[in-house]
Amino acid sequence: MGIIGNPVMHTKSPVIHNGGYKKLGLDAVYVPFETDDPATFLELAALLDMKGFSVTVPFKNDIIPLMDGLTESVRSIGACNTVTRIDGKWIGENSDYTGFIKPLINDFGSLEGKNVTLIGAGGAAKACLYALKEEGANVLVVNRTVEKAKDLAIQFDTEYVGLSKENLNKITEYSDVIVQTTNVGMHPLEDINPLEFFPLTGKEYLYDIIYTPEVTCFLKAGVDKGCKTLNGWPMLLEQGYRQFKLFTGMDFPVED
Ligand code: ATR
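Conventions adopted
- Residues numbered from 1 in each chain as written.
- Predicted model: local features only at pLDDT ≥ 70, side-chain atom pairs only at ≥ 80, totals over all residues.
- Heavy atoms only, no water.
- Axes fitted to C-alpha atoms, helices over the stretch in contact; angles between N-to-C directions.
- Helix = DSSP H or I, 4+ residues; strand = E, 2+ residues; numbered from the N terminus.
- Parallel < 35°, antiparallel > 145°, perpendicular 65-115°, else oblique.
- Left-handed = near helix turned anticlockwise from the far one by under 90°.
- Contact = heavy atoms within 4.5 Å.
- Nonpolar A, V, L, I, M, F, W, Y, C, P; charged D, E, K, R; others polar.
- Buried < 20%, exposed > 50% of the residue type's maximum accessible area, 1.4 Å probe, protein only.
- Pairing = 2+ DSSP bridges.
- Right-handed = clockwise from strand over helix to strand, strands pointing away.
- Core = buried A, V, L, I, M, F, W, Y, C linked by side-chain atoms within 4.5 Å.

A. Summary view of the packing of helix α4 (residues 96-108) against helix α9 (residues 233-248). Contact geometry for α4 and α9: axes closest at 7 Å, N-to-C directions at 130 degrees. In terms of orientation, α4 and α9 fall into the oblique class. Crossing of α4 against α9: the hand is right-handed. Two secondary-structure elements touch here, α4 through Asp96, Thr98, Gly99, Phe100, Lys102 and Pro103 and α9 through Pro234, Met235, Glu238, Gln239 and Arg242. For the contact of α4 with α9, a count of residues per class yields four nonpolar, three polar and four charged.

Here is the structure:
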């Protein structure tokens, strides 16, 4: 097993997967493959008889036309981060959206009928929006570039507004949960809270999918007001556990 991307050598995924193989005593290894060409990599993966591999930036879209089959989630999200080999066929999956939603449901509870603000309209936001809609949430897409918010909202039949103080009332309507999916809060933007203009009351649940830093400016503002918060670590682990299950057929050994 392994992960393809470019760059990819910094990824934490091998630590997760190899740690699981070791704990279970499996004769398996998970290796980062830095490549320019996912099609050539697929030939190598077949030669090595790989059970599957993870896919990261910039290949989450490029890998899709190379697959023999796709899950419904990959079709809807338009991104594939997991490839498995079933009866010699390459199947594209997405474990980012399950990784995102599971920790939120575990901590917050059911999202059915909840009003959720989603900040961002990029690839990460799309996987999160797919998951939130599947769980029955009412979602408001909020993005700096309003046209991108509109494109995403139309695809998923939700509302949208621009990321600005003028839209405070609308965002307040959708503030049971506020999800932050942009790179604002991560180096070199670690001193910025994209929702700085929003007066938190302490009742909002804040979820930032960033995991370094563990507490972004956005989450810190929530902590200061007494909001419950969640960062991106459980999401990173969950998406890895889901891939582990797909690659090995076994549950990740979470407990020692
Ligand atoms: P990813 O796949 O990680 O989601 P992406 O597709 O490049 O990355 O999307 C980046 C997101 O971060 C976008 O929603 C982007 O907003 P724009 O559509 O307006 O570009 C958002 N973003 C990046 N820098 C930002 C900033 N300084 N302020 C607000 N939003 C920002």
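B. Expanded view of the environment of Glu190. Relative to the assigned elements, Glu190 resides in the loop between β10 (177-180) and β11 (205-208). Here Glu190 falls in the partly exposed class, since its relative accessible area comes to 30%. Residues Glu190 and Arg75, spaced 115 residues apart in sequence, show a C-alpha to C-alpha distance of 33 Å. In contact with Glu190, other than residues within four places in its own chain, are Gly185 and Cys217.

C. Here's a closer look at the pairing of strand β8 (residues 138-143). Of all six residues making up β8, five are buried, and the element is well covered by its neighbours. As paired strands, strand β7 (residues 115-119) and β8 are joined by five bridges and run parallel to one another. The residue of β8 that forms the bridge with Leu118 is Val141. Crossover handedness for the path β7 to helix α5 (residues 123-134) to β8: right-handed. Pairing geometry for β8 and strand β9 (residues 159-162), over four bridges, is parallel. Paired with Leu140 across the two strands is Glu159, which belongs to β9. On the question of chirality, the crossover connecting β8 to the parallel β9 by way of helix α6 (residues 146-156) is right-handed.

D. Representation of the nonpolar core. The biggest cluster of nonpolar side chains holds 31 residues, and the ones touching the most others in it are Phe100, Leu104, Leu111, Leu118, Leu132, Val141 and Tyr207. Counting residues per element, the ones that place at least two in this core are α4, β7, α5, β8, α6, β10 and β11. Considering every element that reaches this core, the biggest residue donor is α5, with seven residues. In contact with Phe100, other than residues within four places in its own chain, are Cys128, Ala131, Leu132, Val179, Tyr207, Ile209 and Met235.

Taken by themselves, the reported measurements are silent on function.
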